[in-house]
2 protein chains.
Amino acid sequence: MKSDIAISQSACLSAITDVAAAAGIQPQELIPQGQYKAKLSYSLLNRASNAPQGKLVLVTAITPTPLGEGKTVTTIGLSQGLKAIGKKVMACIRQPSMGPVFGVKGGAAGGGYSQVAPMEELNLHLTGDIHAVTAAHNLAAAAIDARLYHELRHGEAFEAKTGMTPLGLQADSVVWGRVVDMNDRALRKITIGQNEPGKTINGIERESGFDISAASELMAILALASDLKDLRARLGRVVLAYSKTGQPVTAEDIGVAGAMAAILRDAAQPTLMQSLEGVPTLVHAGPFANIAHGNSSIIADRMALGLADVVVTEAGFGSDMGFEKACNIKARAAGRGPDAAVVVATLRGLKANSGRYDLRPGQPLPESIFNEDAEALAGGFANLKWHIDNAARYGVPVVVALNRFPDDSDAELQWLADKVKEAGAQVALSEAFAKGGEGAIELAQAVMAALSQPAQFAPLYQCEQPLEHKLLTMAEVAYGGSGIELSEQAKADIERLTELGYGDLPVCMAKTPLSISHDPALKGVPTDFVVPVRGLRLCAGAGFIYVLTGNVMTMPGLPEKPAYLSIDIDEDGNIVGIDE
Amino acid sequence: MKSDIAISQSACLSAITDVAAAAGIQPQELIPQGQYKAKLSYSLLNRASNAPQGKLVLVTAITPTPLGEGKTVTTIGLSQGLKAIGKKVMACIRQPSMGPVFGVKGGAAGGGYSQVAPMEELNLHLTGDIHAVTAAHNLAAAAIDARLYHELRHGEAFEAKTGMTPLGLQADSVVWGRVVDMNDRALRKITIGQNEPGKTINGIERESGFDISAASELMAILALASDLKDLRARLGRVVLAYSKTGQPVTAEDIGVAGAMAAILRDAAQPTLMQSLEGVPTLVHAGPFANIAHGNSSIIADRMALGLADVVVTEAGFGSDMGFEKACNIKARAAGRGPDAAVVVATLRGLKANSGRYDLRPGQPLPESIFNEDAEALAGGFANLKWHIDNAARYGVPVVVALNRFPDDSDAELQWLADKVKEAGAQVALSEAFAKGGEGAIELAQAVMAALSQPAQFAPLYQCEQPLEHKLLTMAEVAYGGSGIELSEQAKADIERLTELGYGDLPVCMAKTPLSISHDPALKGVPTDFVVPVRGLRLCAGAGFIYVLTGNVMTMPGLPEKPAYLSIDIDEDGNIVGIDE
């Protein structure tokens, strides 16, 4: 089979104006960006909100292996399958970070014959939204450091000189770092504001660091804002620092929130693309699924739900991660939850979840994983069963998509399908990678059957409950653990955030995706574990508190042989070597 | 009169497709980016190169005051004046940095009724070119730091592990910093690669810093590349570090140049916009005019010269800066120089150049500058006369544009016009700010008269001359000084760069724009000064060596009351408060 980029570049795509027209988007609602991309105007948001609403299908997965289960392939494939059976469908996906494209190979456009195209544009700048997030984030960083500098430099004279009330900033109380959309480990921990001996013009020296842009709170805000007005208000609430007396200093306090909104104005409009089979696909926002909620935007969902009968979207990692956050964080902000869940599973992924194999990205698969192995599969099925039950916990019907690989055993697939049916979920094979929408017709039919069932969506806790109670609910109900262990720091954080009035925010668990528990070594369905809580971090603009249960890496590095080695342009200016 | 943004937002603009069609751009050569912006495809470059070539008018100025002389206003106004008298005209301008928009007020779109529109799009992201420069630059930075880390980490085992030959990198021999399009003084001097005690995973600790993106060598490359193939080759030649033995380590050596080209591919296409009176305007690249050459791109010029009869472009600062670099650096790379020069002067600017006034941005003008002051004007005229002669030195006819302000004295303007005529140059009043193209008809006619004269363009020196000889030529012939004084560092740099084979590159003088000399305190026409040369820096990709004659600030800071305080979005999503 051809490489992903070869398939993408040889595809016969429609002009984006035609894709838009077929989707019911009016010409004045479309802002073309070249031939195959377009921004959707805010005016569409109002119209879509007043239109009959479609159904929202949320694609999640078993506990992921380092190779991935094909969640985006299934999201795009399912939408193509729905189109093939005559449904009016749209897909909503996250915008991939550009930085990692140059690190370890692998795009985020789906793959095979279930891709969003052109894949090189999706994987590089797209329409510049991540650049805008980076710029708005770094403007806030420059602004708070400049304010710190000027307040300390002028001292008592600050107010007289500027007419502005001093905020009482200190070097060690700035909590806002900087971001860059690049894998750059050297920026994880840095010292800024250094001066030549005897000088002070470069500001106040302090420790800081860069995260990758997807980890910016502004990316979460872009994904959670319901409209431009809400975006502006959320930007104002972002906390950049604390005063000497412990009071939060927000972007509104230093007067930078309006300029941040100006930088983000166009980024708040979703980008329309198309799948290889012409499914209109909205690409918008790409927040992390640990320190943030790992779902594409509410604005995109709102537009799509007013245009299509069925909208397929996806959430990061397994159902304990992005799906949980979609239900407990995104759904609250959106005012609606999903109408059905699709859990993606693969034979090799389930076997890996048995703990009997050691799969690593960039390394060849062990031959043995292609052999039939009933015990490994049975061990892995327990993990799938947990994710089925987990999705059902939120009151939505569940369909399992078995993402088939060419060498998969028919007998094992049949065994698995029978087990899923026993567990009470719908099940369908998906051959979307190799066959596109035609390979997902069975899945599409199963999803339509699920959507005909009544859904009783409900999140897992009430926001008004105390923070500690919400953490206990996550550990015990969401993960099946036996409690939490709060560090001294975590206890102090809970007390402080509650006092400051942020105790009503939902919690966003920053935990490993590689286990249902907090511990990546615990495979299958862990029980009897206590979730350690190391600390809590406020994202007042995004509207959640993220909870550290372990080390979270928010800035990747480049490996010895990075993917950039093979990326280039050819004589005609085509981009080559991405994901080959 | 209304504010610039109010004029811009109330303008009746044409669809960019109509602007393009009127300019002779074919539909398949146009890549629209919304209604009022479009990228121009590379296919146009080939067609334009084979078309009859237009004339190139280069707008420069007297020694600038902190308030600016209205060079962009005159560039756009002149192009509108040329359109008004029936000429087929295009303008080519630089893309302004976004960062400074949030610092000190003042856009870079021109002003009044001679603006490029929409001005808020020009001043913010435009079509993302600066973001692409930033990303490509920072990919190279991450790549060289990652290579340093992996080489030192694996030591002898590096080659066996990776199959790549070690480059002998050392922490103190990386010369490539990072960039961000933001005014952020805290990033000028930083320490990167810091680790928690006992750990090494964040790389190799070393001192480094960020420049603003306009100061990136990649911005100069974008402006100097003649086509995409040349761009790719120049990226490969960029020097990121030196090996233990002093050999340059290029982007090609570490295999990152192709990925940088992929990131920059779309940015290498100029952006078509329009002036308020519909002049097609190409916006492309914005390199500094001290450590780089301060001119918009060769690719944009090439496209425009194949489409229009007259192309108006501008160069940064006074004629000793951007204009000199246009003649000695850009013209060599382009294979053609300007056909005429326009020197912009204002009464207040000439008076300021007399040294009798102290003008500062953001502070009100002294009342006295509006009064007639024959002595101050006569003192300032010497500066104008120098710039007229300087432009003529390169063999091109000169037109002086007197950029009129409402309160200017008619008697003083008349005196000045007479003096300019005595000096042998054409002269015309320009009222382009207040009246648009109608206010620049006289100027347009003077420029057409100048273009009818034979031009004998020639740069000032031959590249094959030794570096020291080229520096002497700059000090004595280009500035009228009496020699150079080389520091020990400069002598060592000259020897080293010559040995490495870079001695044939042209020199790019990084000196103050506020005096014809190296010393900002020397007003009018300084003589008897010796230019100190502190050091030389290689830009092998851009193809010049920049020469430090003083401190050059490559990262601005935010002031106490930054411009961002007034910038916001309104309820309809319009951007407000830029340049008001």
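Chain A has the name Formate--tetrahydrofolate ligase in an unreviewed UniProt entry, where Ferrimonas sediminum is given as its organism. Per UniProt, chain A has the following entry under Pathway (unreviewed entry): "One-carbon metabolism; tetrahydrofolate interconversion." Looking at chain A in UniProt, the text filed under Catalytic activity (unreviewed entry) is "(6S)-5,6,7,8-tetrahydrofolate + formate + ATP = (6R)-10-formyltetrahydrofolate + ADP + phosphate".

**Concerning the relation of the copies chain B and chain A**
When chain B is fitted to chain A, the best match, at an RMSD of 0.0 Å, comes from turning it 180° and sliding it 0.0 Å along the axis. The transformation just described matches what one would write down for a two-fold rotation axis. No C-alpha of chain B approaches the rotation axis more nearly than that of Gln 33 of chain B, which lies at 2.1 Å. A high fraction, 100%, of the interface residues of chain B reappear at the interface in chain A, so the copies pair face to face through one surface.

**Points about unusual backbone geometry**
Residues Ala 117 of chain A and Pro 118 of chain A are joined by a peptide bond in cis, for which omega reads -5°. For Pro 118 of chain A, the location among the structural elements is in the loop between strand 6 (114–117) and helix 5 (119–123). Positioned with a positive phi, Ala 285 of chain B is a non-glycine residue whose angle comes to about 70°. Inspection of the secondary structure assignment puts Ala 285 of chain B in the loop between strand 15 (280–283) and helix 11 (298–305).

**What about the sheet that holds strand 21 (residues 507–510) of chain B?**
The strands making up a sheet associate through hydrogen bonds between their backbones, and the pairing can be parallel or antiparallel. All names here are of chain B. Taken in spatial order, the 3 strands line up as 21-24-23 in an open sheet, and their pairing is mixed. On the outer flanks of this sheet lie strand 21 and strand 23 (535–539), each paired with one strand and no other. Pairs of neighbouring strands in the sheet enclose a mean axial angle of 25°, with direction left out of account. Here strand 23 runs beside strand 24 (residues 544–548); their pairing, made up of 5 bridges, is antiparallel. Counted as the bridge partner of Leu 536 is Val 547 from strand 24. Lying over the sheet, helix 12 (residues 319–334) contacts strand 21 and strand 24, oriented at roughly 170° with respect to strand 21.

**Digging into the domain arrangement of chain A**
All names here are of chain A. Split by domain assignment, chain A resolves into domain 1 (129–263) and domain 2 (467–548). Taking only C-alpha atoms, the centre of domain 1 and the centre of domain 2 are 26 Å apart. Residue-level contacts link 12 residues of domain 1 with 10 residues of domain 2. Carbon and sulfur atoms make up 58% of the area that domain 1 and domain 2 hide from each other, which totals about 750 Å². For the interface between domain 1 and domain 2, the tally reads 0 salt bridges. The interface formed by domain 1 and domain 2 includes 5 residue pairs in polar contact (both at pLDDT 80 or more).

**So, a nonpolar patch on the surface**
Residues and elements named next belong to chain A. A cluster of nonpolar side chains, Met 1, Tyr 113 and Phe 433, forms an exposed patch at the surface whose accessible area comes to about 300 Å². If you trace the backbone, Met 1 turns up in the segment before helix 1 (4–9). The exposure class of Met 1 is exposed, given its relative accessible area of 62%.

**Overview of the sheet that holds strand 12 (residues 239–243) of chain A**
Residue and element names in this part refer to chain A. The strand order 7-12-13 describes an open sheet built from 3 strands, whose pairing is antiparallel. Lying at the two open borders of the sheet, with one neighbouring strand each, are strand 7 (169–174) and strand 13 (248–250). Neighbour to neighbour, the strand axes of the sheet diverge by 50° on average, direction disregarded. Strand direction decides the pairing type here: strand 12 and strand 13, joined by 3 bridges, are antiparallel. Bridging across to strand 13, Val 239 finds its partner in Thr 250.

**Quick look at the UniProt feature "binding site: ATP" (unreviewed entry) in chain A**
All names here are of chain A. As annotated by UniProt and renumbered to match this structure, "binding site: ATP" (unreviewed entry) occupies Thr 65, Pro 66, Leu 67, Gly 68, Glu 69, Gly 70, Lys 71 and Thr 72. Mapped onto the fold, Gly 68 is located in the loop between strand 3 (55–61) and helix 4 (71–84). Look at Gly 68 and you get partly exposed, because its relative accessible area is 26%. With respect to the secondary-structure elements, Lys 71 resides in helix 4. Those residues in contact with Lys 71 that lie beyond four places of it in its chain are Val 59, Thr 60, Ala 61, Glu 314, Ala 315, Gly 316, Phe 317 and Val 344. Among the polar contacts listed, one links the side chain of Lys 71 to the backbone oxygen of Ala 315, at a separation of 3.1 Å.

**Digging into empty space enclosed by the protein**
All chains considered together, the criterion is met by 10 cavities of 30 Å³ or more. Approximately 210 Å³ is the volume found for the largest cavity. If you trace the largest cavity, you find 17 residues lining it, with His 131 and Thr 134 of chain A together with His 131, Thr 134 and Val 180 of chain B closest to the centre. Contributions of two or more residues to the lining of the largest cavity are made by helix 6 (129–154) and strand 8 (178–180) of chain A together with helix 6 (129–154) and strand 8 (178–180) of chain B. A per-class count over the lining of the largest cavity returns 9 nonpolar, 6 polar and 2 charged.

**A look at the confidence of the model for chain A**
Across chain A, pLDDT averages 95, with 99% of residues at or above 70. Interface scoring of the predicted complex returns ipTM 0.96; its pTM is 0.97.

**With respect to the nonpolar core**
One finds Phe 544 of chain A together with Phe 544 of chain B to be the most contacted residues of the largest nonpolar core, which totals 178 residues. Excluding residues within four positions of it along the chain, Phe 544 of chain A makes contact with Ala 220, Leu 224, Ile 291, Ala 292, His 293, Ile 329, Leu 505, Pro 506, Cys 508, Arg 537, Leu 538 and Cys 539 of chain A.

**A short note on the pairing of strand 18 (residues 398–403) of chain A**
On a regular strand, each side chain points to the face opposite its neighbour's, so the side chains alternate between the two faces of the sheet. Residue and element names in this part refer to chain A. For strand 18, a buried count of 6 out of 6 residues is recorded, marking the element as mostly surrounded by other parts of the structure. Here strand 18 shows no split at all, with Val 398, Val 400 and Leu 402 on one side and Val 399, Ala 401 and Asn 403 on the other all buried. Bridge analysis of strand 17 (residues 340–345) against strand 18 gives 5 bridges, and the strand direction is parallel. The residue bridging Val 343 from the neighbouring strand is Val 400, located in strand 18.

**As for the packing of helix 8 (residues 217–224) of chain B against helix 9 (residues 228–237) of chain B**
All names here are of chain B. It is at 9 Å that the axes of helix 8 and helix 9 come closest, and there the two elements cross at 150°. Taken as axis vectors, helix 8 and helix 9 run roughly antiparallel relative to one another. Where helix 8 crosses over helix 9, the two elements pack in a sense that is right-handed. When helix 8 is examined against helix 9, the residues Leu 218, Ile 221, Leu 222 and Leu 224 are found in contact with a partner set consisting of Asp 230, Leu 231, Arg 234 and Leu 235.

**Describing the environment of Gln 53 of chain B**
All names here are of chain B. Along the chain, Gln 53 turns up in the loop between helix 3 (42–49) and strand 3 (55–61). Counting along the chain gives 286 residues from Gln 53 to Asp 339, while the straight-line C-alpha distance between them is 12 Å. A distance of 3.0 Å separates a polar atom in the side chain of Gln 53 from the backbone oxygen of Ala 48. At 2.9 Å, the side chain of Gln 53 forms a polar contact with the backbone oxygen of Ala 51.

**Points about the environment of Gly 111 of chain A**
Residue and element names in this part refer to chain A. In this fold, Gly 111 is placed in strand 5 (residues 110–111). You can call Gly 111 buried: its relative accessible area is 1%. Sequence separation between Gly 111 and Tyr 546 is 435 residues, and the spatial gap between their C-alpha atoms is 32 Å. Ignoring anything within four residues of it in the chain, the contact list for Gly 111 reads Asp 4, Val 73 and Phe 433.

**Description of helix 10 (residues 257–264) of chain A**
Of all 8 residues making up helix 10 of chain A, 8 are buried, and the element is well covered by its neighbours. Residues Ala 257, Gly 258, Ala 259, Met 260, Ala 261, Ala 262, Ile 263 and Leu 264 of chain A constitute the buried set of helix 10 of chain A. Next to the buried residues of helix 10 of chain A lie helix 6, helix 8 (217–224) and helix 9 (228–237) of chain A together with strand 25 (568–569) and strand 26 (575–576) of chain B.

Definitions and cut-offs
- Residues numbered from 1 in each chain as written.
- Chains lettered and ligands numbered in written order.
- Predicted model: local features only at pLDDT ≥ 70, side-chain atom pairs only at ≥ 80, totals over all residues.
- Heavy atoms only, no water.
- UniProt positions renumbered as here; feature names shortened; annotations may be inferred.
- Least-squares fit on C-alpha atoms with pLDDT ≥ 70 in both.
- Contact = heavy atoms within 4.5 Å.
- Helix = DSSP H or I, 4+ residues; strand = E, 2+ residues; numbered from the N terminus.
- Pairing = 2+ DSSP bridges.
- Axes fitted to C-alpha atoms, helices over the stretch in contact; angles between N-to-C directions.
- Domains from an automatic or database assignment.
- Buried area = accessible area lost by both parts, 1.4 Å probe.
- Salt bridge = Lys/Arg side-chain N within 4 Å of Asp/Glu carboxyl O.
- Polar contact = N/O pair within 3.5 Å; in protein donor to acceptor, adjacent residues only side chain to side chain.
- Patch = residues over 30% accessible without salt bridge, like charges linked within 9 Å, V, L, I, M, F, W, Y side chains within 5 Å.
- Areas by Shrake-Rupley, 256 points an atom, 1.4 Å probe, with all protein chains shown as cover.
- Buried < 20%, exposed > 50% of the residue type's maximum accessible area, 1.4 Å probe, protein only.
- 1 Å grid on protein atoms, 1.4 Å probe; cavity = no way out; pocket = protein on both sides within 12 Å on 5 of 7 lines; lining within 4 Å.
- Points joined across faces, edges and corners; volume = space filled by probe spheres on them.
- Nonpolar A, V, L, I, M, F, W, Y, C, P; charged D, E, K, R; others polar.
- pLDDT = per-residue confidence, 0-100.
- Core = buried A, V, L, I, M, F, W, Y, C linked by side-chain atoms within 4.5 Å.
- Parallel < 35°, antiparallel > 145°, perpendicular 65-115°, else oblique.
- Left-handed = near helix turned anticlockwise from the far one by under 90°.

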